[in-house]
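Each chain, written out:
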Amino acid sequence: MNSEVTLEELAALMKKAAGVTVDPHDLEARIDTPFAEFGLDSLGLLGIVGELENRHARALPTDAERCKTPRDFLDLVNSTLMSGA
């Protein structure tokens with residue numbers, strides 16, 4: 001089973017946890033754009049981290065909520081999930 005978080009999943013989580021609607025293709029095209037430019041603040045990111053922790057039944061590094069861009073976030077989250085799979 002591949003537990004890697006995709007851009008599509010991140011976009012869905014941004015909508016669910018923070019009420020921020022972003023097209024996954026836009027997210028991919030702007031993967032190094034700060035979350036703030038998508039309208040996602042640190043509380044929204046914390047909500048996404050919490051949702052992922054529940055979904056995967058494991059803690060993510062505290063650095064996850066400090067990530068500034070989608071690429072940084074996905075790299076950190078996926079390396080954590082893959083290492084303990």
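The shown structure was predicted, so the numbers you read here are calculated from the model rather than taken from an experiment.

## Concerning the packing of aromatic side chains
Thought 1: Following the criterion strictly, the structure yields one aromatic pair and no others.
Thought 2: Between Phe35 and Phe73 the ring centres are 6.1 Å apart and the planes differ by 80°, which places this aromatic pair in the edge-to-face class. Of this pair, Phe35 sits in helix H3 (residues 35-38) while Phe73 sits in helix H5 (residues 70-83), and the two are 38 residues apart along the sequence.

## Notes on the UniProt feature "domain: Carrier" (unreviewed entry) in the protein
Thought 1: What UniProt calls "domain: Carrier" (unreviewed entry) maps, in this numbering, to residues 4-81.
Thought 2: End-to-end, the C-alpha atoms of residues 4-81 are 7 Å apart, and along that stretch the chain is 63% helix and 0% strand.

## As for the pattern of salt bridges
Thought 1: If you walk through the whole model with that rule in mind, you get six salt bridges.
Thought 2: Where Glu9 meets Arg55, a salt bridge forms, and the shortest distance between an N and an O atom there is 2.6 Å. Of the two residues, Glu9 sits in helix H1 (residues 7-18) while Arg55 sits in helix H4 (residues 42-56), which places them 46 residues apart along the sequence.
Thought 3: For Glu9, a relative accessible area of 17% gives the class buried.

## Digging into the packing of H1 against H4
Thought 1: The N-to-C vectors of H1 and H4 enclose an angle of 115°; their axes lie 9 Å apart at closest approach. Considering their axes alone, H1 and H4 lie roughly perpendicular with respect to each other. Between H1 and H4 the crossing geometry is right-handed. Contacts between H1 and H4 involve Glu9, Leu10, Leu13, Met14, Lys16, Ala17 and Ala18 from the former and Gly44, Gly47, Ile48, Glu51, Leu52, Arg55 and His56 from the latter.
Thought 2: Among the residues forming the contact of H1 with H4, the class breakdown is seven nonpolar, three polar and four charged.

Quick notes on the rules
- Residues numbered from 1 in each chain as written.
- Predicted model: local features only at pLDDT ≥ 70, side-chain atom pairs only at ≥ 80, totals over all residues.
- Heavy atoms only, no water.
- Phe/Tyr/Trp six-rings, centres within 6.5 Å; stacked < 30°, edge-to-face > 60°.
- Helix = DSSP H or I, 4+ residues; strand = E, 2+ residues; numbered from the N terminus.
- UniProt positions renumbered as here; feature names shortened; annotations may be inferred.
- Salt bridge = Lys/Arg side-chain N within 4 Å of Asp/Glu carboxyl O.
- Buried < 20%, exposed > 50% of the residue type's maximum accessible area, 1.4 Å probe, protein only.
- Axes fitted to C-alpha atoms, helices over the stretch in contact; angles between N-to-C directions.
- Parallel < 35°, antiparallel > 145°, perpendicular 65-115°, else oblique.
- Left-handed = near helix turned anticlockwise from the far one by under 90°.
- Contact = heavy atoms within 4.5 Å.
- Nonpolar A, V, L, I, M, F, W, Y, C, P; charged D, E, K, R; others polar.

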